[in-house]
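If you want the building blocks of each chain, they are given just below.
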Amino acid sequence: MKRINSVEDLEREREKIRAARDPNKPCITICTGTGCHAAGCYPVAGALREALRTGGIEGEVDLRITGCHGFCERGPLVVINPQRILYQRVKPDDAPDIVSETLKKGKIIERLLYVHPLTEEKIVREDDVPFYKLQKRIIFGNNGNIDPTSIEDYLAIGGYSALAKALTSMEPQQIVEEVKKSGLRGRGGGGFHTGTKWESCRKASGDTRYVICNADEGDPGAYMDRSLLEGNPHSVLEGMIIGAFAIGSNEGYVYVRNEYPLAVENLRIALDRANDWGFFGKNILGSGFDFNVKINRGGGAFVCGESTALMASLEGQPGEPRAKHIHTVESGLYEKPTNLNNVETWANVPYIVNLGAEQYRQIGTDGSKGTKIFSLVGKVNNTGLVEVPMGITLREIVYDIGGGIIGGKRFKAIQTGGPSGGCLPESLLDLPVDFDRLTEAGSMMGSGGMIVMDENNCMVDVAKYFMNFLKEESCGKCASCREGTKRMYEVLHRITEGNGREGDIALLEDLSFVTAEASLCALGGTAPNPVLSTIRYFREEYEVHIKNKKCPAGVCKELITYRIIPNQCTICGRCQKVCPSQAIRGKIKMKKPFEILPEKCIRCGMCSEACKFDAIEIV
Amino acid sequence: MDVNPVETILKRYDYQDSWLVAMLQDLQTEMHYLPKEALEYMAEKLGISRTRIFRVATFYAAFSLTPKGKHRIHVCLGTACHVRGAGLIVNTLERQLKIKPGGTTSDLQFSLDTVNCLGACASGPIVVVDGEYSGEMSSLKMEKLLKPYRKGKKES
Ligand SMILES: Cc1cc2nc3c(=O)[nH]c(=O)nc-3n(C[C@H](O)[C@H](O)[C@H](O)COP(=O)(O)O)c2cc1C
Ligand code: FES
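These numbers come from a predicted model, not from an experiment. (Residues numbered from 1 in each chain as written. Chains lettered and ligands numbered in written order. Predicted model: local features only at pLDDT ≥ 70, side-chain atom pairs only at ≥ 80, totals over all residues. Heavy atoms only, no water.)

Caption draft 1: Geometry of the overall build of chain B. Within chain B one finds 7 helices and 4 strands. Starting at the N terminus, the α and β elements of chain B follow one another as α-α-α-α-β-α-α-β-β-β-α. Of the contacts made within chain B by residues no fewer than 6 positions apart, 58% connect residues no fewer than 24 positions apart. Carbon and sulfur atoms form 50% of the exposed surface of chain B, whose accessible area is close to 7,100 Å². (Helix = DSSP H or I, 4+ residues; strand = E, 2+ residues; numbered from the N terminus. Contact = heavy atoms within 4.5 Å. Areas by Shrake-Rupley, 256 points an atom, 1.4 Å probe, with all protein chains shown as cover.)

Have a look at this one:
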C-alpha cells in the first residue's frame, strides 16, 4: 500500500473499498474472542469454510473472523449477515446445515437459535436478543463487524474519518475543548475528566510530550480492554493519534498486559498496517503532524496499572509508584509531560470527534457521559461483555441484560471496581451506575469488572480474597500499604478459620483508616474498600463467623461440614469413588445410605460435584 | 553458558536498557526461566548493575528464576473464577502434584501457577495447560484433563 498523503486520497481509497463490497452479499461472522476460543470457535470456522467449499458457494459467501461480540456465555457465536441471524453454541457438525439450509435455502435452523429463558421464545436476529437489545454498543459494537487484522474493514465502516476531520478541520485546542465539552471521563478507574487532563498536558512546559495507552487491565475479572484491543485495535490507535495531535505529542506507547498475547499481536498488525497507509509516521495525511507508537508488554504486576508505576516500568525499572506532588501531565515518562489514558477512553475519542460533543453528551447522566463497557461475570446467566449507557441501574444489568442468577439462586451482591471497589447488596440494585453514585455507595466504577455473587458466596471470603490479592500485589514501597494489607489479611484469615475475636471488626476498620490515609498510591488508598463495603452491608455475616464460628454461605472450609442427606442418597457409590481421602463409609451391597466421616473429610468438594442427586449438603 | 540467544535478544533492542522488561520477557519465553548467568551477562552488556537487573527480574510476576516443568498449568484465580470455586481446583492440584503454586514437580513434568484473570471470565473457572484454555473447570474435570499429559501422550 502506498502512503496516503491527503484526506482526498483517503476518501478515494475508502470509496474504492466500499465499491468493491456488496452489502447484500452473505457474510458469516465468527466470534473468536477468548470466550468463544475456549468454547472451540476455530474448529467451527474450519468446518464452515469446508462446508462452503463442498457446497460450491465459496465465492458467494464471505467468512469473517472477528473479535469478541460480547455474549461469551453462548459461544461459539456465528452471525449470518445481512439478516443478522444469530446462531449460538455452534459446533463443527452444524456447519453443513448452516450452509445447505440457511445460506442456500434461506431457512432458519431452530436448534441453533437463542431461546429466551422465561418466555421460551426462539429469537432469530442478534439485535432482538435481550442481552444485546438493552445495550448501547457505540464503542464495542463494531467488534462484530470487522476482522481486526484488516484495515480495509475498519476503513469500510468509516475508520480514520475522525482523524481526517481532526487533522484538517480542527485546531488542537479546539479538539481539547470538544473532548472537555463531551464530558468524557477516564474509563481506567479514577474517572478523571479527559479533556482537562489533555489540556494540562498540552500546557505543560517542554518540547517533548508523550501519550500512553494503559492496557494493563489489572482488575481480575475484567476483560473489556483486552477485547477492544483484540477486536478493534484501530479504534484505540485512531483515538491516540487524535489525542497526540491535540496535546502536541509525537511519541506514544501502548502498555499491554503480558497475559494478552492476542491483543499484542492484533495491535502489532494494526499498527503495521496503519503505518503502511500513512496514519503513523511523518506528515500524517499531509497535515505536517508526525506521530509514532511503540508497544510494550507489562510484566504481570497489578500496580503497574497505576500511572507513575507504569511509567517507571516503561523506563525499564521495577514498577513502583512515586508520590504525585508533581503530576505526570507535567513530569511523567522520562520526566517529560505525559498523558495517560485507558484503552476504552481512547476508543471513545474518534466517536466524539465524529459525532460532536453535543450529541455525545446526550448519553448518560449529569456527571457521567457516554457508555461504559462492563464485564458481567460470576453467578449470572448471560455472562459476557456489555456496553450500557451511564445511568442504567444495576438491576437492569443483572436481570434484564444478564438474565438473572444462575440456577434460580438468590442474588447476594455485586462487586464493582475490582480490588479497589466494593460489594453492593440487593437493596442497592436500583442504583444508577455512574462514577459518583458508585463511589457514594462505597464502591467504585473502576475499569469495569462486575462480578455477580449469589447466596453461595461468602462475603468475608470475598473480602479475604481481595486482601490476599492486594497484599501480594502491594509493591512494598510504602509501609502503610505493605503492612496494612498484610495485617488486614491476617485478621480476615483468622475470622474465616473460626479464630475471629471480639473486636476484630473494629480492628479492621482501624487498619482500613490508616492504610487508606497513609499510602503512597491509590492501591493502598483504596485497598480497604472491599473490607469496608462488606462490613457496611454484610456485618451480620462477619458476626456469625466470629461469634458462632459458622459460615452461612458454606464456603469457609474450617467452618463447614459435608453431610450426605440419607433419603436423597441413591447408594450409587460415586462419591466414594472420587473421595481422595477415604472419608466416605458405605457399601453398595449393604443398601444403606453412604456416610461422610467428618474427621477424615478434607472438604475438597469432589463428592458433592460427583453426586448427581444433590444428596450432599454443606452445614 | 551459550551467550548467543542472549546476544540476539540484546541486539533486538539495540542494547537499550529502557527495554529491559521486554528483553527479560523474551529471555523468559526462550529459556522458560531466567538463568542467573544470563542475567549477569546482560547486566554487563547493558552497563547496568546486577542489583538493578535482579530487582527487575524479581519484581514482576512474569519472570521465574528457577526452571519450570515440561507442562505448565495455570489456574486462574481472578475474581470471576474465584467466585465459581477456582480455589478448590488449586487445592486439588496441590494435593495431586504435591507442589504449591509457583512450584515444579521433582520429575520436572509439571509446574503449577496461579494467575489473576486470563480475560476469559465468562467461562470460568479457567485452567490453561501448555497454552490450551479449558473453561468451566472443576476438580473432577481436572483429573481427566491431566491424564494424557501424565501418560506422556501429549507433548508440549
Ligand atoms: C493499583 C492501580 C491499578 C490500576 N490499574 C489500571 C489498569 O489496569 N488500567 C487502567 O486503565 N487504569 C488503571 N489504573 C488507573 C490509572 O492509574 C490511571 O488513572 C488511568 O489509566 C488513567 O486513564 P483514564 O483517565 O483514561 O482512566 C490503576 C490505578 C491503580 C492505583
Ligand atoms: S477471572 Fe478467571 S479468566 Fe477472568
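Caption draft 2: Molecular detail of the domain arrangement of chain B. Along its sequence, chain B is carved into domain 1 (4–59) and domain 2 (71–150). Computed over C-alpha atoms, the centres of domain 1 of chain B and domain 2 of chain B are 29 Å apart. (Domains from an automatic or database assignment.)

Caption draft 3: Spotlight on the interface of chain B and chain A. Facing 41 residues of chain B, the contacting portion of chain A comprises 59 residues. Summed over both partners, the interface of chain B with chain A comes to about 3,900 Å²; 56% of that surface belongs to carbon and sulfur atoms. Of all residues in chain B, Phe59, Thr79 and Val83 of chain B give up the largest surface area on contact with chain A, accounting jointly for 16% of the area buried on that side. Residue Arg55 of chain B pairs with Glu320 of chain A through a salt bridge whose shortest N-O separation is 3.3 Å. Summed over the shared surface of chain B and chain A, the result is 27 residue pairs in polar contact (both at pLDDT 80 or more). If you list the elements that add at least two residues to the side of chain B that touches chain A, you get helix 2 (20–31), helix 4 (50–59), helix 5 (79–82), helix 6 (86–97) and helix 7 (139–150) of chain B. Here the side of chain B that touches chain A gets 5 residues from one element, more than from any other, and that element is helix 2 of chain B. (Buried area = accessible area lost by both parts, 1.4 Å probe. Salt bridge = Lys/Arg side-chain N within 4 Å of Asp/Glu carboxyl O. Polar contact = N/O pair within 3.5 Å; in protein donor to acceptor, adjacent residues only side chain to side chain.)

Caption draft 4: Representation of the sheet that holds strand 9 (residues 292–297) of chain A. Residues and elements named next belong to chain A. Taking strand neighbours across the sheet as the criterion, the 4 strands line up as 9-8-7-10 in an open arrangement whose pairing is parallel. Every interior strand has two partners, whereas the edge strands, strand 9 and strand 10 (338–342), have only one. Going across the sheet, the axis of each strand differs from the next one's by a mean of 20°, ignoring polarity. Where strand 8 (residues 251–256) lies against strand 9, 6 bridges are found, and the strand directions are parallel. Bridge pairing links Val254 to Ile295 in strand 9. Contacts from helix 12 (residues 261–277) reach strand 8 and strand 9 within the one sheet, and its direction differs from that of strand 9 by about 165°. Sheet strands touched by helix 14 (residues 343–355): strand 7 (210–215) and strand 10. Its angle to strand 10, the strand with the most contacts, is close to 95°. (Pairing = 2+ DSSP bridges. Axes fitted to C-alpha atoms, helices over the stretch in contact; angles between N-to-C directions.)

Caption draft 5: How the structure looks around the side chain of Ser18 of chain B. In this structure, Ser18 of chain B sits in the loop between helix 1 (4–12) and helix 2. Exposure remark for Ser18 of chain B: the relative accessible area of 15% places this residue in the buried category. The contact partners of Ser18 of chain B, leaving out residues within four places of it in the chain, are Leu314, Glu315, Gly316 and Tyr334 of chain A. (Buried < 20%, exposed > 50% of the residue type's maximum accessible area, 1.4 Å probe, protein only.)

Caption draft 6: Highlighting the sheet that holds strand 15 (residues 449–454) of chain A. All names here are of chain A. Here 5 strands make up an open sheet; going across it, the order is 12-11-15-13-14 and the pairing mixed. Of all the strands in the sheet, just strand 12 (384–389) and strand 14 (422–425) have a single pairing partner and so form its edges. Within the sheet, the average angular offset between the axes of one strand and its neighbour, ignoring direction, is 30°. With 6 bridges connecting them, strand 11 (residues 371–378) and strand 12 associate as antiparallel partners. Looking at strand 12, one finds that Ser375 is bridged to Leu385. Sitting on the sheet, helix 22 (residues 529–548) touches strand 13 (411–416) and strand 14, and the angle it makes with strand 14 is about 30°.

Caption draft 7: Main features of the domain arrangement of chain A. As far as domains go, chain A holds domain 1 (19–129), domain 2 (151–360), domain 3 (371–454), domain 4 (459–548) and domain 5 (561–618). For domain 3 of chain A versus domain 5 of chain A, the distance between C-alpha centres works out to 36 Å.

Caption draft 8: Geometry of the site of ligand 1. Residue and element names in this part refer to chain A. Around ligand 1, the surrounding shell holds 18 residues, and the nearest of these are Gly188, Gly218, Asn341, Asn342 and Thr345. Contacts to ligand 1 include Asn214, whose side-chain N or O atom sits 2.9 Å from an oxygen atom. Backbone polar atom of Ser307 to an oxygen atom of ligand 1: 3.2 Å apart, as the coordinates give it. For ligand 1, the protein covers 89% of the area, taking 610 Å² as the surface of the free molecule. According to the grid-proximity analysis, the pocket containing ligand 1 is the second largest pocket. (Near = heavy atom within 4 Å. 1 Å grid on protein atoms, 1.4 Å probe; cavity = no way out; pocket = protein on both sides within 12 Å on 5 of 7 lines; lining within 4 Å. Sits in = over half its atoms within 2 Å of the grid points.)

Caption draft 9: View of the packing of aromatic side chains. Summed over the entire model, instances satisfying the criterion amount to 19 aromatic pairs over all chains. Consider the rings of Tyr13 of chain B and Trp19 of chain B, whose centres lie 5.8 Å apart with planes at 25°: the pair is stacked. Trp19 of chain B carries the same exposure label as Tyr13 of chain B, and that label is buried. A connected cluster of aromatic rings, assembled from ring pairs, spans Phe71, Tyr114, Phe131 and Tyr132 of chain A. Over the face of the ring belonging to Tyr489 of chain A we find Lys471 of chain A, whose NZ or CZ atom lies 4.5 Å from the ring centre. (Phe/Tyr/Trp six-rings, centres within 6.5 Å; stacked < 30°, edge-to-face > 60°. Lys NZ or Arg CZ within 6 Å of the ring centre and 35° of its normal.)

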